[in-house]
Each structure stands twice: as structure tokens, then as C-alpha cells.
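Summary of the model geometry
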Amino acid sequence: MEKMLAAVFHKGDTQGGDIILEEVELPRITKSDHVLLEIKACGICGTDLKIMEGGHPANDNTILGHEFAGIVREVGESVQDLEIGDKVVADPNEKCGYCINCRRGLSSLCEYMATGTTFGIFQNGGFAKYCVVPRSVLFKLPENIDLTAAALVEPLSCAIHCHNLADVKEPDNVVVIGAGPMGLIIQSVISMHPIKRLICIEIDNWRGQKALELGADHLINPESQDVKSEITRITERGMADVIIDAVGISDTFEMATKIWAPGARLICFGQDYNAEAKIKPNDIVRYQRKIMGSYIGYPEDFLDAIELIVNKAIKVNKLITATIPLDEVLSSGFKIMKERKCVKIIALP
Ligand SMILES: [Zn+2]
Ligand SMILES: [Zn+2]
């Protein structure tokens, strides 16, 4: 039996677990609507680290990696519209299309998906040479796209989704709290659109500088500066019209509610399963503020993400800070992630 190298999650006794590089059997097509992909690139996500540390659920004995692009190598008999050699990218979150949320146009909240179906988290994903997925999760890519760049499509779709929900308008002062990989990708998307100012709040110096490189106009370090008075100084008239919390802990949520203008939109993007925060409901009522969550993306956000990459509208070279071979995904990829000096690291199986 032919084998391949894969980064496999093994659950620990309590929470989290280990990711181990091991030889596994090559996957095979078992259903007529399935497609066998040769993975060409797979991004490392903060979620992969959280899985290891116990901050995000995942299935035992699963190949991780949910940000992958590749080439079609085999198709099931009912797959009519993909051919061997086609370039594709996967939406790892398979949507059913018929649950109440899908039918109301909220497919990122699909009930089927909520049962734990994500490829690279609950089913085998992209940290391997090959992967089998249903045709329905694949987006066909143009022939001229660089597949390493295409590994950015999934995180970029989440950032586009967030930007759309924030409904950013030209005179807005926009604040992004957190310049981790997703905070930085969100800032790149926002900075492509006309806005008044983009302000980044970040503790880490490397990440803060990266935010300035990717389009932020101002940087505030909450460890050495008073956030509220800095925002007031920079925005001239007071506060932030749009705030995106790309961290999602109690402190960042409460920080957001100290700097929001009347009529502001606060978008909660970063996820922490245990965070709790205090809020005065009257601060929302009296000033007509909005708080909403942004969770993954819709299929149309994938299409937009593909277009941004194909048209070179997004600075792919600045977003991909390292590419590494699959056998270094643990020794070098996860290590750089932990050191925080990166935007996206892409593994090349
Ligand atoms: Zn991810
Ligand atoms: Zn659904």
C-alpha cells in the first residue's frame, strides 16, 4: 500500500493534543461526488495552534490543514464539471444548502457544518500530499493562478466577509484591534477601500510594523500608550466609527466599548471560547451602536477572494511571509507561528 506524509492530530488525555508527522495511507475516492486532490499548498492557521493547545475542538487522528489549494487528480463518476489537472481551492466548511440558515442566506452558520465537518479539523485536510473532498466544497481556479497564493483564499474570504459586515464607508475612522495573521489580512482588505483612517492597536512591535506596511495609517501600543486619548487625538472628532476586534478576549472587547463613536459598528471577529465581558446596554441604545459577529465566509466571499488574488489587488507577497516543505511544518512552521513574527506561513506538501 502506497503511503504519504501527513501532519496528524492526536488527542491528548485531557485537552488539546499533539500534531505528529507520520506516514498514512493514500486516500481513495469512495463516493461518486468525491474528488482526489494533489495538495500544492496549505496555510498554517492560528486555529491549528489552538487545536494543539486545547483552545479549539478537533477530531482525533485527523490530518490537519484547512487552507488548501491543489490540482484535481481523479474524480468520482458523478463529477461532470471538473477535469484532471484543474486547479482548485477548497472551502473547508462544507455547507448543506438546505438547512434553515443556508436557505436564509446565512450559510456560514449552516447547521450541518455545526455538527463538526470541517476538512482539516474534523475530517482529513491539507497537510498531506493528497486529500479527498466532495465536489461541492471546491472552487475551480483560473489556469494562471499561483497555487501558493491560492492557499490564501480561505483566510482572505473570512476577512472579506468581516469587511462586508462592517459596512465601511468613506468618512469612517476604522480601528482594528490585533495584528495577528487574521488582523493583518483584514487590514489589507480594509486598506484597499477608501476610508478616512485605519488605526491598528497592537502590543507586539513586529506585528505593529507589519500593520503599517499593509495599510494601517496609525499604530497604537496599548502597553505604552493610552488608547482612548490616542484615538481621540488621531480622529480629531472623537472616536472610532468601525471597530474590528480581531483578538476576542475580554480586554479587547471592553477596550472597543471605550472608543466607539455614536452610531459605531463593533465587529467581533477573534474567537476565545471562554471570554466574558461587561457592557452597559444603554451605551448601545442611547447611541444607536451595533455589535455583531463575523464568522468564516459565504461562497461569494470565496469568489471575491479568488478575484483579488488573480487580479493581484491584494499584496500576496507581503501576506505570505514564509513557505516551507511539509516535513518542516512542525519544526519550523509552528515554531515561527509561536514566535509571532509572521502573517501567513504556507506548507508545500
Ligand atoms: Zn483558519
Ligand atoms: Zn446548511
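Residues numbered from 1 in each chain as written. Chains lettered and ligands numbered in written order. Predicted model: local features only at pLDDT ≥ 70, side-chain atom pairs only at ≥ 80, totals over all residues.

So, the overall build of the chain
The helix and strand inventory of the chain stands at 12 helices and 16 strands. Here the C-alpha radius of gyration of the chain, 20 Å, is about what a compact globule of 349 residues would show, namely 20 Å. Each principal axis of the C-alpha distribution contributes one length, and for the chain these read about 65 × 40 × 40 Å. Taken over 349 residues, the chain has a buried fraction of 43%. The long-range share in the chain, meaning contacts at least 24 apart out of those at least 6 apart in sequence, stands at 69%. (Helix = DSSP H or I, 4+ residues; strand = E, 2+ residues; numbered from the N terminus. Rg over C-alpha atoms; globule rule 2.2 N^0.38 Å. Buried ≥ 20, exposed ≤ 12 C-beta atoms within 10 Å, placed from the backbone. Contact = placed C-beta atoms within 7 Å.)

Concerning the domain arrangement of the chain
One frequently used descriptor of interface size is the decrease in accessible area upon assembly of the parts. In terms of domain boundaries, the chain breaks down into domain 1 (3-152 + 314-348) and domain 2 (159-293). Its C-alpha centre places domain 1 at a distance of 29 Å from the equivalent point of domain 2. Tallied by class, residues from the side of domain 1 that touches domain 2 come to 4 nonpolar, 3 polar and 5 charged. (Domains from an automatic or database assignment. Nonpolar A, V, L, I, M, F, W, Y, C, P; charged D, E, K, R; others polar.)

Concerning the sheet that holds strand S4 (residues 62-63)
The strand order across the open sheet built from 3 strands is S2-S1-S4, with neighbouring strands paired in antiparallel fashion. Sheet topology places strand S2 (17-25) and S4 at the edges, where each strand pairs with a single neighbour. When strand S1 (residues 3-11) meets S2, the two strands line up antiparallel, connected through 9 bridges. Paired with Met4 across the bridge in S2 is Val24. (Pairing = 2+ DSSP bridges.)

Quick notes on the pairing of strand S16 (residues 344-348)
The element S16 is extensively covered by neighbouring structure, given that 4 of its 5 residues are classed as buried. Examined bridge by bridge, strand S15 (residues 320-325) and S16 share 5 bridges and lie parallel to one another. If you follow Ile324 over to S16, its bridge partner there is Ala347. Each parallel crossover has a hand, and for S15 linked through helix H12 (residues 329-339) to S16 it is right-handed. (Right-handed = clockwise from strand over helix to strand, strands pointing away.)

As for the environment of His10
Tracing the sequence through the fold places His10 in strand S1. You can call His10 partly exposed: it has 13 C-beta atoms within 10 Å. With near-sequence residues (within four places) excluded, His10 lies in contact with Gly17, Asp18, Ile20, Asp60 and Asn61.

A few points about helix H6 (residues 205-213)
The set of residues buried in H6 consists of Arg207, Lys210 and Ala211. In an axial view of H6, the angular spread of the buried residues amounts to 105 degrees, which keeps them on one side of the axis. Residues of H6 that are buried in the fold lie against helix H5 (181-191), strand S10 (197-201) and strand S11 (218-220). Following H6 by one or two positions, Gly215 adopts a phi angle in the positive range, close to 130 degrees. (Arc of directions from axis to C-beta.)

Concerning helix H1 (residues 46-53)
Of the positions making up H1, those classed as buried are Asp48, Ile51 and Met52. What you see down the axis of H1 is that its buried residues fit within an arc of 95 degrees, all on one side. For H1, the elements touching its buried residues are S1, S2 and strand S3 (34-44). Gly54 sits one or two residues past H1 and shows a positive phi near 95 degrees.

A few points about the nonpolar core
Soluble globular proteins tend to pack their nonpolar side chains together in the buried interior. Of all hydrophobic cores here, the largest spans 101 residues; its most connected members are Ala150, Ile186, Ile243 and Ile244. When residues of this core are sorted by domain, at least three fall in each of domain 1 (3-152 + 314-348) and domain 2 (159-293). (Core = buried A, V, L, I, M, F, W, Y, C linked by C-beta atoms within 7 Å.)

Section: the packing of helix H4 (residues 153-166) against helix H10 (residues 299-310)
In contact at an axis separation of 8 Å, H4 and H10 are set at 115 degrees when each is read in the N-to-C sense. Between H4 and H10, the crossing angle belongs to the class labelled roughly perpendicular. Helix-helix and strand crossings are classified by hand; for H4 and H10 the assignment is right-handed. Contact with H4, carried on its side by Val153, Leu156, Ser157, Ile160 and His161, involves Asp301, Phe302, Asp304, Ala305, Ile306, Leu308 and Ile309 of H10 and no other residues of that element. (Axes fitted to C-alpha atoms, helices over the stretch in contact; angles between N-to-C directions. Parallel < 35°, antiparallel > 145°, perpendicular 65-115°, else oblique. Left-handed = near helix turned anticlockwise from the far one by under 90°.)

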